[in-house]
Amino acid sequence: MNSPLRKKLLGLLFVFFLCVLSQAVQPMQSYASLPDEVQVFAGRQTDVRLAVPAASSAVVDRPDIVGLDQQSALKVTRQMPLHLHPQQTGHAKLTLKLWGKIPVKTVNVKVIPDLRVVPGGQTIGVKVKSAGILVVGHHLVRSGADERKSPGEAAGIKLGDLITHMDGKRLDGVSGVAEAVELAGKQSKGIDVVLKRGDETIKTKLTPAYDAEDKAWRLGLYIRDSAAGVGTLTFYAPDQGVYGALGHVITDMNTQTSIVVGSGQIVQSNVTSIAKSETGDPGEKRAHFLKESKILGNIERNTAFGIFGKMSQNPEHSLYKQGIPVAFSHEVKEGPAEILTVVEGQQVERFAIDIVHVADQSEPATKGLVLRITDPKLIDKTGGIVQGMSGSPIVQNGKLIGAVTHVFVNDPKSGYGCFIEWMLQDAGVMMKKEQSKNLKAG
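Residues numbered from 1 in each chain as written. Predicted model: local features only at pLDDT ≥ 70, side-chain atom pairs only at ≥ 80, totals over all residues. Heavy atoms only, no water.

1. What about the overall build of the chain?
For the record, the criterion: Secondary structure elements follow DSSP: runs of H or I of four or more residues count as helices, runs of E of two or more count as strands, with numbering from the N terminus. By the convention used here, residues are in contact when the closest approach between their heavy atoms is within 4.5 Å.
Scanning the chain from N- to C-terminus turns up seven helices and 31 strands. Sequence-distant contacts in the chain: of pairs separated by 6 or more residues, those separated by 24 or more amount to 68%.

2. Let's talk about helix 4 (residues 177-186)
This is how it is decided: Per-residue accessibility, obtained with a 1.4 Å probe over protein chains only, is compared with the maximum for each type, and a residue is labelled buried under 20%, exposed over 50%, and partly exposed between these values. Working definition: the arc comes from the directions between the helix axis and the C-beta atoms, pointing outward to the latter.
Taken together, the buried positions of helix 4 are occupied by Val177, Val181, Ala184 and Gly185. All buried residues of helix 4 project into a common sector of 100° when viewed along the axis, lining one side. Residues of helix 4 that are exposed and point over 90 degrees away from its buried face: Glu179 and Lys186. Those residues of helix 4 hidden inside the fold are in contact with strand 9 (123-138), strand 12 (162-166), strand 14 (191-197), strand 17 (216-218) and strand 18 (221-237).

3. Section: the environment of Gly417
Relative to the elements of secondary structure, Gly417 occurs in strand 31 (residues 411-419). Classification of Gly417 by relative accessible area gives buried; the value is 0%. Spatially, the C-alpha atom of Gly417 lies 6.9 Å from that of His406, the residues being 11 residues apart in sequence. When neighbours within four sequence positions are excluded, Gly417 is seen to be in contact with Lys367, Gly368, Leu369, Leu371, Ala403, Val404 and Thr405.

4. Describing the confidence of the model for the chain
Should pLDDT be low for a region, the predicted coordinates there are not to be read in detail. Where we set the bar: The pLDDT value expresses, per residue, how confident the predictor is, ranging between 0 and 100.
In this model, the chain carries an average pLDDT of 87, and 89% of its residues clear a pLDDT of 70 or more. The model gives residues 435-442 a pLDDT under 50, and that stretch makes five contacts with residues more than four places away or in other chains.

5. Regarding helix 6 (residues 420-427)
Of all eight residues making up helix 6, eight are buried, and the element is well covered by its neighbours. Of all the positions in helix 6, only Ile420, Glu421, Trp422, Met423, Leu424, Gln425, Asp426 and Ala427 are classed as buried.

6. Points about the layout of surface pockets
Formally: With a 1 Å grid laid over protein atoms only, a set of points is called a cavity when a 1.4 Å probe fits there but cannot get out and a pocket when it is open yet has protein on both sides within 12 Å along at least five of seven lines; lining residues have an atom within 4 Å of a point. Grid points are joined across faces, edges and corners, and a volume is the space filled by probe spheres set on the points. Gly is placed with the polar residues, together with every amino acid not listed as nonpolar (Ala, Val, Leu, Ile, Met, Phe, Trp, Tyr, Cys and Pro) or charged (Asp, Glu, Lys and Arg).
Size it by volume and the largest pocket reaches roughly 930 Å³. Residue assignment for the lining of the largest pocket shows that the elements contributing at least two residues are strand 9, strand 18, strand 21 (284-289) and strand 30 (399-408). Among the elements that make up the lining of the largest pocket, the one with the highest residue count is strand 18 (seven residues). Residues that form the lining of the largest pocket fall into these classes: 19 nonpolar, 12 polar and five charged.

7. Digging into the nonpolar core
Under the convention used in this document: Each nonpolar core is a collection of buried residues, namely Ala, Val, Leu, Ile, Met, Phe, Trp, Tyr and Cys, held together in the definition by side-chain atoms within 4.5 Å.
Among the nonpolar cores identified, the biggest contains 67 residues, and Phe235, Ile266, Ile307, Ile339, Ile355, Ile394 and Leu424 are the most heavily contacted of them. In this view, Phe235 contacts Val117, Val118, Pro119, Gly120, Val242, Tyr243, Gly244, Leu400, Ile420, Met423, Leu424 and Ala427; residues no more than four positions away in its chain are not counted. Residues Leu34, Val52, Ala73 and Val107 belong to the second largest nonpolar core, which totals 22 residues.

8. As for the pairing of strand 20 (residues 261-275)
Threshold: When DSSP finds two or more bridges between a pair of strands, those strands are recorded as paired.
As defined by bridge partners, strand 9 adjoins strand 20 across seven bridges and the pair is classed as antiparallel. Note that in strand 20 the partner of Lys129 across the bridge is Ser263. Here strand 20 runs beside strand 22 (residues 295-298); their pairing, made up of three bridges, is antiparallel. Note that in strand 22 the partner of Gln265 across the bridge is Asn298. In this sheet, strand 21 lies alongside strand 20 in antiparallel orientation, the contact comprising six bridges. Paired with Ala275 across the bridge in strand 21 is Glu284.

9. With respect to the sheet that holds strand 2 (residues 46-48)
Counted only if it meets this: Every axis corresponds to a line fitted to the C-alpha atoms, with the helix fit spanning only the stretch in contact, and the corresponding angles, defined between N-to-C directions, vary from 0 to 180 degrees.
In space, the three strands of this open sheet follow the order 2-5-4, with antiparallel pairing throughout. The open sheet terminates on both sides in strands that have one partner only, identified here as strand 2 and strand 4 (66-68). Between one strand and the next, the sheet's axes are offset by a mean angle of 35°, whatever the strand orientation. Pairing analysis gives three bridges linking strand 2 to strand 5 (residues 82-86), with the strands arranged antiparallel.

10. Quick notes on the packing of aromatic side chains
The test is simple: Working definition: rings of Phe, Tyr and Trp (its six-membered ring) pair if their centres are within 6.5 Å, and the pair is stacked with planes under 30 degrees apart, edge-to-face with planes over 60 apart, and tilted otherwise.
According to the stated counting rule, one finds three aromatic pairs in the structure shown. Between Tyr210 and Trp217 the ring centres are 5.1 Å apart and the planes differ by 65°, which places this aromatic pair in the edge-to-face class. When its relative accessible area of 36% is taken as the criterion, Tyr210 is described as partly exposed. Note on Trp217: relative accessible area 26%, which makes it partly exposed. Aromatic side chains Phe408 and Tyr416 sit 4.8 Å apart centroid to centroid with 75° between the ring planes, which places their arrangement in the edge-to-face category. A relative accessible area of 24% means that Phe408 is categorised as partly exposed.

Laid out in structure tokens, this is it:
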């Protein structure tokens, strides 16, 4: 064989090899992006869609824990879900094989006990006290004819800081601040301050200034220790005696920083009127706390997915007397669903929606769903999603799947929702994946 022909054949073989390699590498990379763990409930058949890049098959090492529908296991595709039959609690390994032969991905399947919670929908009054005093602004103190300063700003204290201690004493609210400031001012000494800025703990010294106009000692800070508002109860978990509500974090209206809960309560609330949503204006539920409002529960945590605490019984006006199944994020589908909420008085009602987008979330993240209000009655009453509706539970195919969280300001009939899975984790009803891994390792 002459040299030019040999070179030509070698070149063709090299191109062929690169084509084969690229075809093999792309599926391998796609398999690596598949989840490492899938959670399912015992005794409840679950369809899991895996975005496999090529024709595959599936096998499990513990069919006594998780069974597979034989036909679907032989051919796993993007379009065809894998039918899992969880038999009992435990762990099994599901192995995906490329072209039915080459093992390329192992997914841990965790079967947990069946879980049912009672959907809410009730409008609630929220009263929360921060774990310290929140700095919401600076102001100048006039200590002389031309001298104006903010002692707080001079001490490096910023908006959104949470002051937790003054001279070694823990602050439960603003009530004890004035006395400490006056004492330090008269003694001409600074106050040792401990504050939280995000995850950071900072110590500084704050020296009060005498306000010549008010004839009082001042810090040059605007502070707040509490917040109140209206939202919607998402669920009550009777077996654990806890609840979840709102679906999003409570932030301070001035600084937009999340409030660190010191204490708080949720109480019965009554919707008196609705300011309808319009493009550019999200509207709101107008509600008031009832006289001698019944306390429904306490507030222990304020997270990215709402507020959580203890609750001893299913609140009044619930549409459900018993718990219903909950869905994992991978079970949620685009299509019809309903929300539960109050638009008048205390009566919870059902309203039709469409879920138009479902995000692929294997870890907790906000904005898991995009939903659109389709119910003519709700649109006529509210114009779409309004403030105070956040936390309204979303039910699909008889399962609680999530909660309404935000409205699209330029399209008030549409908005975001979060998956119920993440709310249940923050409530302590479901174990988080890191906790599960630590228990297995132990």
